[in-house]
Amino acid sequence: QKEVEQDPGPLSVPEGAIVSLNCTYSNSAFQYFMWYRQYSRKGPELLMYTYSSGNKEDGRFTAQVDKSSKYISLFIRDSQPSDSVTYLCAMSVGNYQLIWGAGTKLIIKP
Amino acid sequence: SQTIHQWPATLVQPVGSPLSLECTVEGTSNPNLYWYRQAAGRGLQLLFYSVGIGQISSEVPQNLSASRPQDRQFILSSKKLLLSDSGFYLCAWGGSTEAFFGQGTRLTVV
């Protein structure tokens, strides 16, 4: 079993819909949770960062962590075609290493 | 602000040839530096990390090596490339909870 599971998709939704991207994990020691987006042939860009449990909102993006279920989510409201990239989750216990999901390819249909 | 430079963007090398990928960081001192490899449809695999000059830790034994000759310079090398070394290589800097990436090098070994 991988430490972090993420459905690679692709996930296809109509423009304007609410998108829900998810990762599950097995290591209860993870304390730091991140979402990155990655454009084709580019390095990942940090999108959201959350420490421990709870929600964090930034514009159209909301990151949610449920440590009791070992489950994190990224919600995108009012989705737009420009949101059509790959989203990767990552998490850490606070040492040097981030553990990564495989990434979900998102497609927003106009 | 901090910036990270990685080059070249693409590289095609024959099997058995040497490799040298370079990464430099600006705007920060004594950063943690990382080399990752990303296979298509898969998450990021940590190859090497460094917490200081001359300090290299390897995560995955393989045909590659890394060096840090200066505080903000990180080099990924190979003496003889294998076909299996093809992939997308990413340099990153950061701490234990976040990572900031270069643009990546797409290496094709032929």
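In this report, we go over the structure that sits alongside the text. (Residues numbered from 1 in each chain as written. Chains lettered and ligands numbered in written order. Predicted model: local features only at pLDDT ≥ 70, side-chain atom pairs only at ≥ 80, totals over all residues. Heavy atoms only, no water.)

**Focus on the overall build of chain B**
Rule in force here: Counting from the N terminus, the helices are the DSSP runs of H or I reaching at least four residues and the strands are the DSSP runs of E reaching at least two. Our radius of gyration is a C-alpha quantity, and the globule rule it is checked against amounts to 2.2 Å times the number of residues to the power 0.38.
If you tally the helices and strands in chain B, you get zero helices and 11 strands. From first element to last, N terminus to C terminus, chain B shows the α and β order β-β-β-β-β-β-β-β-β-β-β. For 110 residues, the compact-globule estimate of 2.2 N^0.38 gives 13 Å, and the C-alpha radius of gyration of chain B, at 13 Å, lies within 12% of that figure. The C-alpha extent of chain B, read off along each of the three principal axes, is 40 × 30 × 20 Å.

**Observations regarding the interface of chain B and chain A**
For clarity, the cut-off: Every residue pair with non-hydrogen atoms within 4.5 Å of one another is taken to be in contact. Here the buried area means the combined drop in accessible surface, using a 1.4 Å probe, for two parts upon being joined, counting both sides. When a carboxyl oxygen of Asp or Glu lies within 4 Å of a side-chain nitrogen of Lys or Arg, that pair is called a salt bridge. Pairing of N or O atoms within 3.5 Å defines a polar contact, subject to two protein rules: one partner must be a possible hydrogen donor and the other a possible acceptor, and residues neighboring in sequence count only if both atoms are side-chain atoms. When residues are grouped by polarity, Ala, Val, Leu, Ile, Met, Phe, Trp, Tyr, Cys and Pro land in nonpolar, Asp, Glu, Lys and Arg in charged, and all others, Gly among them, in polar.
Across the contact, 22 residues belong to chain B and 20 residues belong to chain A. Between chain B and chain A the total buried area reaches about 1700 Å² when both faces are included, carbon and sulfur atoms providing 55% of it. Remark: the boundary between chain B and chain A carries zero salt bridges. Linking chain B with chain A are two residue pairs in polar contact (both at pLDDT 80 or more). When residues of the side of chain B that touches chain A are traced back to their parent elements, those giving at least two are β4 (32-38), β5 (44-52), β9 (87-94) and β10 (99-101) of chain B. Tallied by class, residues from the side of chain B that touches chain A come to 10 nonpolar, eight polar and four charged.

**Things to note about the side chain of Gln38 of chain A**
Residue placement: Gln38 of chain A occurs in strand β4 (residues 32-38). At 2.8 Å, the side chain of Gln38 of chain A forms a polar contact with the backbone oxygen of Lys42 of chain A. Once you skip the residues sitting within four places of it in the chain, Gln38 of chain A turns out to touch Gly43, Pro44, Val85, Thr86 and Leu88 of chain A together with Gln38, Phe88 and Leu90 of chain B.

**A short note on the environment of Val110 of chain B**
Residues and elements named next belong to chain B. Of note, Val110 is situated in the segment after β11 (105-109). Each C-alpha atom, one on Val110 and one on Val15, is 5.8 Å from the other, the two residues being 95 residues apart in sequence. Leaving out residues up to four positions away in the same chain, Val110 has contacts with Val12, Gln13, Pro14, Val15 and Leu83.

**Some points on the state of the cysteines**
Residue and element names in this part refer to chain B. Put simply, the rule is: Throughout, a disulfide means two cysteine sulfur atoms within 2.5 Å of one another. When a residue's accessible area, from a 1.4 Å probe over protein chains only, is under 20% of the maximum for its type it is buried; when over 50% it is exposed; and in between it is partly exposed.
Applying the stated criterion to the full structure yields two disulfides over all chains. In this model, Cys23 is linked to Cys91 through a disulfide, with the two sulfur atoms separated by 2.0 Å. Handedness of the Cys23-Cys91 disulfide follows from its S-S torsion of about -75°: it is left-handed. In this pair, Cys23 is assigned in strand β3 (residues 19-26) and Cys91 in strand β9, connecting sequence segments 68 residues apart. By relative accessible area, Cys23 is classed as buried at 0%. Residue Cys91 is classed as buried on the basis of its relative accessible area of 0%.

**Points about the packing of aromatic side chains**
The following threshold applies: Two aromatic rings from Phe, Tyr or Trp, using only the six-membered ring of Trp, form a pair when their centres are within 6.5 Å; if the ring planes differ by under 30 degrees the pair is stacked, by over 60 it is edge-to-face, and anything between is tilted.
Under the definition given, this model contains 13 aromatic pairs over all chains. Ring plane angle 85° and centroid distance 6.0 Å describe the contact between Tyr36 of chain A and Phe101 of chain B, whose orientation is recorded as edge-to-face. Here Tyr36 of chain A, found in strand β4, pairs with Phe101 of chain B, found in strand β10, and the two come from separate chains. In terms of burial, Tyr36 of chain A and Phe101 of chain B fall into one category: buried.

**Some remarks on the sheet that holds β3 of chain B**
All names here are of chain B. Let me state the cut-off plainly: Pairs of strands are assigned from DSSP output, requiring at least two bridges between the strands. To obtain each axis, a line is fitted to C-alpha atoms, and for helices this fit is confined to the stretch in contact; angles are then taken between N-to-C directions over 0 to 180 degrees.
What the four strands build is an open sheet, ordered β1-β3-β8-β7; its pairing is antiparallel. Of all strands in the sheet, those bounded by a partner on one side alone are β1 (3-7) and β7 (65-70). Recorded for the sheet is a direction-independent mean angle of 20° between the axes of neighbouring strands. Across five bridges, the pairing between β1 and β3 is antiparallel. When the bridges of β3 are listed, Trp7 appears paired with Glu22.

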